Amino acid sequence: MRAMVYRGPYRIRTEEKDVPRIEHPNDAIVRVTLAAICGSDLHLYHGLMPDTRVGTTFGHEFIGVVDSVGPSVRNLEPGDRVMVPFNISCGSCFYCARGMLANCHNVNPNATAVGAIYGYSHTAGGYDGGQAEYVRVPFADVGPVVIPEWMHDEDAVLLTDATATGYFGAQLGEIRQGDVVVVFGAGPVGLVAAASAWLMGAGRVIVVDHLDYRLEKAREFAHAETVNFAEHDDVVVHLKRITDHLGADVAIDCVGAEADGNFTQHVAGAKLKLQGGSPVALNWAIDAVRKGATISVMGAYGPVPNAVKFGDAMNKGLTLRMNQCPVKRQWPRLFEHIRNGYLRPRDMVTHRIPLEHVAEGYHIFSSKLDGCIKPLIVPTAA
């Protein structure tokens with residue numbers, strides 16, 4: 001089969017690999033019909049995630065058709081069109097039993113640090129991802145769901161991570177009626193978080209970024225106010241000024257490890273890798289909210305120390321909530337919102353790229369060229 005293959009930081013290509021096979025009675029093999037490049041994939045592409053091995057196939061957002069199933073699989077059969085959450089979960093461990101599907105303890109030798117994620121390095125279990133023609137799906141009775149007939153494929157693929165994660169970010173913010181919500185980052189997760197904040201009762205939603213085309217999309221997709229941090233000497237002071245000098249009630253960090261805005265932090269975290277990423281957005285969130293506020297962290301950070309203003313968070317009495325999104329838990333409500341027209345994830349898609357051109361797709365997305373917000377990978381485009 002053809003698959004995206006990692007050859008080192010900034011070096012990926014499309015190569016021939018063996019088609020995956022059933023390795024366990026609970027496995028399924030899925031023929032991928034649509035995948036996506038996620039902002040989190042760029043952390044791998046840039047060499048920020050530990051133990052990303054040469055030969056790995058990325059891609060934790062994908063949908064497809066079941067090609068074959070192991071003898072123990074009961075809920076799926078060949079020919080089913082399925083959407084697959086990015087979390088790999090056993091469904092029965094201590095964490096899965098409590099709905100913490102992103103923290104499954106049985107699917108990753110490094111499970112004390114993180115659960116398992118498709119195509120996200122050996123730190124996250126070493127599973128190949130879906131930027132390929134076929135992918136092995138473990139615990140096939142636990143994760144995948146048959147795509148409803150009414151659902152558009154591009155909505156379905158974005159529900160496997162970006163849409164669910166953005167919604168989860170707003171959910172963790174514990175937004176109350178009338179709250180002022182500030183979202184850092186106008187990528188797909190930030191856009192959905194901002195749109196979801198309205199659904200949860202926000203009275204005002206402000207999105208912070210520095211790319212005009214993303215801020216325009218935030219106004220169009222999420223109907224949010226926008227702030228370009230590059231236009232202000234101190235974006236925190238500006239946010240305080242426009243929120244009665246108190247600060248926001250809720251902040252959602254949808255940026256993570258490669259945040260711009262502070263040269264020293266960006267170099268130390270994203271370039272020299274002395275931290276688990278650049279915590280600029282998180283520190284801005286800590287500074288820009290009122291005392292007693294809630295901060296939701298959806299941006300991905302590496303598992304090594306960060307220069308986070310934890311003392312400020314403690315002294316302000318902030319609540320910090322964070323986790324990888326338990327995707328499947330969000331689906332019932334998100335299905336309702338999409339079917340009723342309150343959310344339309346596919347409106348974020350800007351590029352549809354053949355698998356053969358995946359390296360160019362990563363370059364466009366990473367370099368923020370051509371107004372790229374969300375690129376999809378099409379294995380069958382040739």
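Fair warning: this is a prediction, and the values are worked out from it, not measured in the lab.

Before we go on, may I ask you to explain the pattern of salt bridges in this structure?
Side chains carrying opposite charge are able to pair once their charged atoms draw close together. With the rule as written, the count across this model stands at 20 salt bridges. Taking the shortest distance from any N to any O, the salt bridge between Glu-133 and Arg-2 comes out at 2.6 Å. Pair noted here: Glu-133 is in the loop between strand S7 (116–117) and strand S8 (134–137) and Arg-2 is in strand S1 (residues 2–8), with a separation of 131 residues, a long-range link. When its relative accessible area of 21% is taken as the criterion, Glu-133 is described as partly exposed. Under the relative-accessibility criterion, Arg-2 is labelled buried at 16%. Of the charged contacts, one joins Arg-2 and Glu-356 as a salt bridge, the two residues approaching to 1.6 Å between their closest N and O atoms. In this pair, Arg-2 sits in strand S1 while Glu-356 sits in the loop between strand S16 (351–354) and helix H11 (358–366), placing the two residues 354 residues apart along the sequence. Exposure remark for Glu-356: the relative accessible area of 32% places this residue in the partly exposed category. Through salt bridges that share partners, Arg-2, Glu-133 and Glu-356 make up one connected network.

Even after reading the chapter, I still don't get the packing of aromatic side chains, so can you show me in this structure?
Given two aromatic rings, one states the distance between the centres and the angle between the planes to describe the pair. Summed over all chains, the structure comprises ten aromatic pairs. Between Tyr-10 and Tyr-45 the ring centres are 5.2 Å apart and the planes differ by 55°, which places this aromatic pair in the tilted class. With Tyr-10 in the loop between S1 and strand S2 (11–16) and Tyr-45 in helix H1 (residues 39–45), the pair connects residues that are 35 residues apart, well separated along the chain. On the basis of relative accessible area, Tyr-45 is assigned to the buried category, the value being 6%. Ring pairing ties together the aromatic residues Tyr-6, Tyr-10, Tyr-45, Phe-58 and Tyr-362, which thus form one cluster. Over the ring of Phe-94 we find Arg-98, and its NZ or CZ is 3.7 Å from the ring centre.

Looking at this structure, I do not really get helix H4 (residues 188–199). What am I missing?
Residues three or four positions apart in an α-helix share a direction because the helix packs 3.6 residues into each turn. Relative to the 16 Å expected for twelve residues at 1.5 Å per residue, H4 spans 17 Å between its end C-alpha atoms, a close match to the ideal helical length. Along H4, ten of the twelve residues are buried, which leaves the element largely enclosed by surrounding structure. Those residues of H4 that are buried are in contact with helix H3 (162–172), strand S10 (180–184), strand S11 (204–209), helix H5 (212–221) and strand S13 (248–253). After H4 finishes, the residue Gly-201 shows a positive phi value of roughly 105°.

Help me understand the sheet that holds S11, please; the structure alone is not making it clear to me.
Within a sheet, adjacent strands bond to each other through the backbone by hydrogen bonds, running parallel or antiparallel. Ordered by their spatial adjacency, six strands build an open sheet running S12-S11-S10-S13-S14-S15, and the pairing between neighbours is parallel. Both edges of this open sheet fall to strand S12 (225–228) and strand S15 (319–322), since each of them pairs with a single strand only. Recorded for the sheet is a direction-independent mean angle of 20° between the axes of neighbouring strands. In terms of strand pairing, strand S14 (residues 289–297) meets S15 through four bridges, oriented parallel. Residue Val-297 lies in a different strand from S15, and its bridge partner there is Met-322. Where H4 meets the sheet, it contacts S10, S11 and S13, and its direction lies at approximately 170° from that of S11.

Looking at this model, I keep getting lost on the environment of Thr-160. Mind explaining?
Mapped onto the fold, Thr-160 is located in the loop between helix H2 (153–159) and H3. Residues Thr-160 and Val-5 lie 155 residues apart in sequence; the distance between their C-alpha atoms is 21 Å. Each residue touching Thr-160, except ones within four places of it in the same chain, is listed here: His-60, Glu-61, Phe-62, Ile-63, Met-83, Val-84, Pro-85, Phe-86, Val-327 and Trp-331. For Thr-160, the side chain forms a polar contact with the main-chain oxygen of Val-157, separated by 2.6 Å.

Calculation notes
- Residues numbered from 1 in each chain as written.
- Predicted model: local features only at pLDDT ≥ 70, side-chain atom pairs only at ≥ 80, totals over all residues.
- Heavy atoms only, no water.
- Salt bridge = Lys/Arg side-chain N within 4 Å of Asp/Glu carboxyl O.
- Helix = DSSP H or I, 4+ residues; strand = E, 2+ residues; numbered from the N terminus.
- Buried < 20%, exposed > 50% of the residue type's maximum accessible area, 1.4 Å probe, protein only.
- Phe/Tyr/Trp six-rings, centres within 6.5 Å; stacked < 30°, edge-to-face > 60°.
- Lys NZ or Arg CZ within 6 Å of the ring centre and 35° of its normal.
- Expected span 1.5 Å × (residues − 1).
- Contact = heavy atoms within 4.5 Å.
- Pairing = 2+ DSSP bridges.
- Axes fitted to C-alpha atoms, helices over the stretch in contact; angles between N-to-C directions.
- Polar contact = N/O pair within 3.5 Å; in protein donor to acceptor, adjacent residues only side chain to side chain.

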